[in-house]
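Fold and contact review
This is what each chain is made of:
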Amino acid sequence: MKSPLSTHEALYDTSYVPITITAGLAGAGLELGFTIYNQLSGYPSQAVGLTSLAVLFSLTGLILLKFFHRAWLAAHLIVLGIYTATFGPGVFTGGIDASDMVWLVFVPFIAALTAGGKASLFWTIVAMLSLAGLFILNRVLMVDYTVRPSGSTERLIDLACAISAMTIAIWINETVKKRMMGQLARATNQLERHNREITILAEMGSLFQACRTTEEVCPVVAQYAYQLFTTEPGSLFVLDASRNTLEEMANWGESTTMRRAFSPDACWSLRTGKLHITGGSGSKLVCPHVSHPSSFAYLCIPLLALGDTLGVITLIRTASLEIESVTPDMDAEPYSEPELQLATAFAEQVRLTLANSKLREALRQEAIRDPLTNLFNRRYLDETLERELKRAERKGLSLGIVMLDIDHFKDFNDAFGHQTGDVILRELGSYLLSHIRGEDVACRYGGEEFVVILPGIALDDLRERAEEWRVGVKRMSVLYEGKSVDNVAVSLGISLFPQHGETSEMLLRAADQALYRAKAEGRDRVIVAS
């Protein structure tokens, strides 16, 4: 396993620095004082120089640790200082005493505590080579480097130095462990939070796949946005059908200071087509749809698909909760890189889902709508009539059918052209849509024939409604290429469930027969099925 100190990261705790400096200075001072005393007593100057160099190594290590936070290099310098003070002076004083031998044994141990296993192996080899060198000098070259007993003063000073060195070694080791445990805990928390975010996004994506309309998507967005951004209120704005207004379709957290509806030009993210951040060192341009921009930082993420605007997501971060409590520097970034990545990933899923739901809705409308009149088509009529009949039967209600046909439609095509006929069909479709109830269903049955389903209506009311449409169509103004097309009239046949039939086929056949009678009796009239 790699040693914690083999990295060049800053690993130290300031609470241990005074104790470490005191112990290091005490040990170094005692060693230096003892060496100067021995020099006055006849020690060679080379020994004093090496001991001073050892002190310099140790002090340099402490400085690196204190001011530059280089724990790995500091540990090796301290071990080098111990080695130099142990082995060097003995070369010039005629031998090594017992305490110096103990120091050579301590060198690998201190290296293991401060710099890890590899460093301990290295200094073990250095110590063994040192002892082997002394043996060669003593035995082979016949130089007298015997191991001398140490005096009480030397033992006391060496004990003080040993305590200082061990204090430094243990402090570095404990500091590194504490810092590494803190880093491990932070990394673990980040990993757990990241895994939680991935799980939430996956669950949200799974629910998105089951949503068919934008109205179904929005509650899912609010539910999972609250889980992902627990301290940040926000809103989802979706462009309405008129494409002139963004309306708030979902919100989460506390009440936001965003307007509930605004135009696309009121948001800078939609203008620029990219993420827009205000607050801190972000942009100073505040979106007009923000009510109180001075009290918080906020983030706008545009939702675009192939250049088409779908909506925008806003996230709000109050200064009191985030910026001021974490860092007083108001120029600091209000959103970290991981937070921006999460918000972007969330917005991307919402964007894709909204685009898919709109595409699905457009395809569905194309499948059930007549493109010329914008009324429902024959397929939708068949499905809806069956459903409404079952509902009427279950609740004991009536159901009316009105079938109408444009009189002399072929004559209009022959006289004015087929484009004029299309205009008449389009105008009639618009008239029906604006003159039916919310629960009624108007469909283009085929050609110039139309069918309207009217749930829960009495026969007299059905006849009266059909008569109103007949009169209204005659008053309808149709213009084509600046010319007015007059004398547009319709014939209508009506039938009622259950009086004229209990199935959709029977009701449509009865209304069609009534319509045929209206045509045969002179057109421009309403006939009730018999």
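Scroll up to find the structure.
What comes next concerns the included structure. Only a predicted model underlies this, so the values are computations on that prediction, with no experimental measurement involved.

This part is about the layout of surface pockets. What the largest pocket holds in volume is close to 540 Å³. Around the largest pocket sit 24 residues that line it, and Arg-193, Glu-197, Pro-338, Glu-339 and Leu-342 are the ones nearest its centre. Secondary-structure elements contributing two or more residues to the lining of the largest pocket are helix 6 (152-210), helix 7 (214-228), strand 8 (308-318) and helix 10 (337-368). Here the element with the most residues in the lining of the largest pocket is helix 6; it accounts for 7 residues. Here the lining of the largest pocket is composed, by residue class, of 10 nonpolar, 7 polar and 7 charged. For the second largest pocket, the calculated volume is near 310 Å³. Counting residues per element, the ones that place at least two in the lining of the second largest pocket are helix 7, strand 3 (234-239), strand 4 (246-252), strand 8 and helix 10. Class assignment for the residues of the lining of the second largest pocket results in 5 nonpolar, 4 polar and 7 charged.

Put simply, helix 7 and helix 10 touch, their axes get as near as 10 Å, and they point 170° apart. In terms of orientation, helix 7 and helix 10 fall into the roughly antiparallel class. Here Thr-214, Val-217, Val-221, Ala-225 and Leu-228 of helix 7 lie close against helix 10, whose contacting residues are Leu-342, Phe-346, Val-350, Thr-353, Leu-354, Ser-357 and Lys-358. Partitioning the contact of helix 7 with helix 10 into residue classes produces 8 nonpolar, 3 polar and 1 charged.

This next bit is on helix 13 (residues 418-434). Over its 17 residues, helix 13 extends 25 Å from the first C-alpha to the last, a length consistent with the 24 Å expected when each residue adds 1.5 Å. Taken as a whole, helix 13 has its buried residues at Thr-420, Gly-421, Val-423, Ile-424, Leu-425, Leu-428, Gly-429, Tyr-431 and Leu-432.

Attention shifts here to the pairing of strand 4. Along any regular strand the residues' side chains alternate between the sheet's two faces. The pairing of strand 3 with strand 4 spans 6 bridges and is classified as antiparallel. Along strand 4, the bridge assignment pairs Leu-236 with Ala-250. With antiparallel pairing between neighbouring strands as the criterion, strand 3 and strand 4 make up a hairpin whose turn holds 6 residues, including Arg-243 at a positive phi of roughly 65°. Bridge count between strand 4 and strand 5 (residues 261-262): 2 bridges; the pairing is antiparallel. Bridge pairing in strand 5 places Leu-246 opposite Phe-262.

By secondary structure assignment, the location of Thr-353 is in helix 10. What Thr-353 contacts, discounting residues up to four positions off in sequence, is Phe-208 and Val-217.

Mapping Val-526 onto the fold places it in strand 15 (residues 526-528). Along the backbone, Val-526 and Trp-469 are 57 residues apart, and their C-alpha atoms lie at a distance of 9.8 Å.

The geometry of helix 13 relative to helix 14 (residues 459-474) is characterised by a closest axis approach of 11 Å and an angle of 135° between their N-to-C directions. Comparing their axes, helix 14 and helix 13 come out oblique. Between helix 13 and helix 14 lies a crossing of right-handed hand. In this structure, helix 13 uses Leu-428, Tyr-431 and Leu-432 to contact helix 14, whose residues at the interface are Glu-468, Trp-469, Gly-472 and Val-473. Partitioning the contact of helix 13 with helix 14 into residue classes produces 5 nonpolar, 1 polar and 1 charged.

Cut-offs applied
Residues numbered from 1 in each chain as written. Predicted model: local features only at pLDDT ≥ 70, side-chain atom pairs only at ≥ 80, totals over all residues. Heavy atoms only, no water. 1 Å grid on protein atoms, 1.4 Å probe; cavity = no way out; pocket = protein on both sides within 12 Å on 5 of 7 lines; lining within 4 Å. Points joined across faces, edges and corners; volume = space filled by probe spheres on them. Helix = DSSP H or I, 4+ residues; strand = E, 2+ residues; numbered from the N terminus. Nonpolar A, V, L, I, M, F, W, Y, C, P; charged D, E, K, R; others polar. Axes fitted to C-alpha atoms, helices over the stretch in contact; angles between N-to-C directions. Parallel < 35°, antiparallel > 145°, perpendicular 65-115°, else oblique. Contact = heavy atoms within 4.5 Å. Expected span 1.5 Å × (residues − 1). Buried < 20%, exposed > 50% of the residue type's maximum accessible area, 1.4 Å probe, protein only. Pairing = 2+ DSSP bridges. Left-handed = near helix turned anticlockwise from the far one by under 90°.

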